[in-house]
Amino acid sequence: MPMHTLPMTLGAPHGTSLNRRQALAWLAAPLAAAPALGVAAPLPQITLAGPPAIVSAPLIHMAETQALKDVAQRTVFTSWRDPDQLRMMAMGGKADVLAMPSNVAANLCNRGAGVTLLNVSTWGALWVVTRDAARKTLQDYKGEEIAVPFRGDMPDIMLQLLCAKQGINAQRDLQLRYVPSPMEAMQLLITRRVRHALLVEPGVSMALRKTQSFPVNVVAPELHRGVDLQQEWGRLFKRPPRIPQAGIAAVGAVRQHPEVLAAVQKAYAASVVWCRANPLECGQLVAQYVDLLTPEAVADALPHSQLEAVPVAAARSEIDFFYQQLLAQNPSLLGGKLPDAGLFGSV
């Protein structure tokens, strides 16, 4: 889909000169004949995009309810399957607003892609799920094989960062089995081909459901929530146990329309509230758009995902701290440097 541009509001055709009578007639025309001065006509369509993860649930609700009807004639949702496809969509004008890991937003900004981070909304959805309930910290997994999705991207970079902070060389001290996606890591775990996997909600909840390890009153669950990476972050960095993991960002021409960005941010925050208040209905809605997910898993995942839409200005100090840690760990994760202020454009 090509990038969208808004039509001009009031004005004569480009290159046309008006005589006095024409000019007076044009000025006297009723406002109904054209959009009001300074009020842009709605975009024909806004395309929202996100992964099969909790961060996408509010976007799906926005599309289903046409929550952006005041600024767009149509709102649609499409999914991306991995960070490479996300980058192609962002740089190729295939979507207007995308849910993305916060490090990808910085990387795209540093590569010259037009991107404006609007909020951080996922503050913790990462767990090591295990068959051994006694393993609660990353130190407990030394020498163990762990299935890890998206090598070199989130969540692998969080695992590497938290290991390094406590003196663990993840490549040497752990046996990392990289797989193309979180769902493939989950499948390895539930089919007993690995004992541990780094998963992202709702993959965690799906794994627990599929092995009848949830609800919590199961007598002998097969799988357990092992390491809570958010708690590890808080413990190791002496900070609250929440990670500015992902949010939504605007790309391309839509960034030039602050009224659209403000509407997106407002609608997303409202949809977050709805999703949290209606977990099963949210799950049913998400499952209609994302075949990989089940309504029950999405509903189970919501209380464990720290889904909270924090505007980028309010989240800035936490984002900056997170970026500084990533830069010290591996500058290429951010595209070689901290992003400039353009990434945090005001809405």
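Worth saying up front: this structure is predicted, and the values here are computed from it rather than measured.

Conventions and cut-offs
- Residues numbered from 1 in each chain as written.
- Predicted model: local features only at pLDDT ≥ 70, side-chain atom pairs only at ≥ 80, totals over all residues.
- Heavy atoms only, no water.
- Buried < 20%, exposed > 50% of the residue type's maximum accessible area, 1.4 Å probe, protein only.
- Helix = DSSP H or I, 4+ residues; strand = E, 2+ residues; numbered from the N terminus.
- Contact = heavy atoms within 4.5 Å.
- Phe/Tyr/Trp six-rings, centres within 6.5 Å; stacked < 30°, edge-to-face > 60°.
- Salt bridge = Lys/Arg side-chain N within 4 Å of Asp/Glu carboxyl O.
- Pairing = 2+ DSSP bridges.
- Axes fitted to C-alpha atoms, helices over the stretch in contact; angles between N-to-C directions.
- Core = buried A, V, L, I, M, F, W, Y, C linked by side-chain atoms within 4.5 Å.

Engineer: I keep staring at helix α7 (residues 182–190) and nothing clicks. Help me out?
Structural biologist: Because an α-helix completes one turn every 3.6 residues, residues spaced three or four positions apart along the sequence face the same direction. Burial within α7 is extensive, with 7 of its 9 residues counted as buried. Listing the buried residues of α7 in full gives Pro182, Met183, Ala185, Met186, Leu188, Leu189 and Ile190. Packed against the buried residues of α7 are β5 (126–130), β6 (145–149), β7 (175–179), β8 (196–200) and α8 (203–210).

Engineer: I'm lost on the packing of aromatic side chains in this one. Help?
Structural biologist: The relative placement of two aromatic rings is captured by the distance of their centres and the angle of their planes. Enumeration according to the criterion identifies 6 aromatic pairs in this entry. With a centroid separation of 4.6 Å and an interplanar angle of 40°, the aromatic rings of Trp233 and Phe237 are classed as tilted. Taken together, the residues span about one helical turn, with Trp233 and Phe237 both in helix α9 (residues 229–237) at a distance of 4 residues. Since its relative accessible area comes to 1%, Trp233 is described here as buried. When the ring of Phe237 is compared with that of Phe321, the centres are 5.9 Å apart and the planes differ by 85°; the resulting orientation is edge-to-face. With Phe237 in helix α9 and Phe321 in helix α13 (residues 312–329), this residue pair connects regions lying 84 residues apart in the sequence. By relative accessible area, which is 10% here, Phe237 ends up buried. Given a relative accessible area of 19%, Phe321 falls into the buried group.

Engineer: In this structure, what is going on with the environment of Met100? I would like to understand it.
Structural biologist: Structurally, Met100 is set in strand β3 (residues 97–101). In this structure Met100 comes out as buried when scored by relative accessible area, which is 1%. A C-alpha to C-alpha distance of 9.3 Å links Met100 and Arg87, two positions 13 residues apart in sequence. Setting aside chain neighbours within four positions, we find Met100 in contact with Trp80, Leu86, Ala105, Leu108, Ala246, Gly247 and Ala249.

Engineer: Where do I start with the pattern of salt bridges in this structure?
Structural biologist: Should their charged atoms come close, side chains of opposite charge can pair. If you walk through the whole model with that rule in mind, you get 15 salt bridges. Arg81 is the partner of Asp82 in a salt bridge, and the nearest nitrogen-oxygen pair spans 3.5 Å. We note a salt bridge from Glu318 to Arg242, for which the minimum N-O separation is 3.1 Å. Of this pair, Glu318 sits in helix α13 while Arg242 sits in the loop between α9 and β10 (246–251), and the two are 76 residues apart along the sequence. Using a relative accessible area of 17% as the deciding quantity, one classes Glu318 as buried.

Engineer: What am I meant to see in the pairing of β5 here?
Structural biologist: The side chains of a regular strand alternate, first on one face of the sheet and then on the other. Counting buried positions along β5 gives 5 out of 5 residues, so the element sits mostly inside the fold. Inspection of the sheet shows β5 paired to β8 by 5 bridges, in the antiparallel sense. Across the sheet, residue Leu126 finds its bridge partner in β8, namely Val200. Taken together, the 4 bridges between β5 and strand β9 (residues 224–228) define a ladder with antiparallel strand orientation. Residue pairing across strands places Val128 opposite Val227, the latter belonging to β9.

Engineer: Would you explain the sheet that holds strand β4 (residues 115–122) in this entry?
Structural biologist: Either a parallel or an antiparallel arrangement is found when strands of a sheet pair, and the pairing is made through backbone hydrogen bonds. Strand order in the open sheet formed by 6 strands is β2-β1-β3-β10-β4-β11, with mixed pairing between adjacent strands. Strands at the two margins of the open sheet, each flanked by one partner only, are β2 (75–79) and β11 (307–311). With strand direction ignored, the average angle separating the axes of adjacent strands in the sheet is 30°. Packing against the sheet, helix α2 (residues 57–65) makes contact with β1 (46–50), β2, β3, β10 and β11, and its axis sits at approximately 145° to β2. Helix-sheet contacts for helix α4 (residues 102–110) involve β3, β4 and β10, and the interaxial angle to β3 is about 110°.

Engineer: Could you clarify how one ought to interpret the pairing of β10 in this entry?
Structural biologist: Here β10 lies mainly inside the structure; 6 of its 6 residues are buried. Neither face of β10 is left uncovered, since the one carrying Ala246, Ile248 and Ala250 and the one carrying Gly247, Ala249 and Val251 both have all their residues buried. Direction of pairing for β4 relative to β10: antiparallel, over a ladder of 6 bridges. Note on β10: the bridge partner recorded for Thr116 is Ala250.

Engineer: Looking at this structure, I do not really get the nonpolar core. What am I missing?
Structural biologist: A general tendency of soluble globular proteins is for nonpolar side chains to be buried together. Counting residues in each nonpolar core, the largest one holds 58 residues, and the members touching the most others are Leu98, Leu117, Met158, Trp233, Tyr323 and Leu343. Top element by residues in this core is α13. It accounts for 7 residues. Among residues more than four places away in sequence, those in contact with Tyr323 are Ser102, Asn103, Ala105, Ala106, Leu117, Leu334, Leu338, Pro339, Leu343 and Phe344. Grouped together as the second largest cluster of nonpolar side chains are 56 residues, Leu59, Val129, Val204 and Ala207 included.

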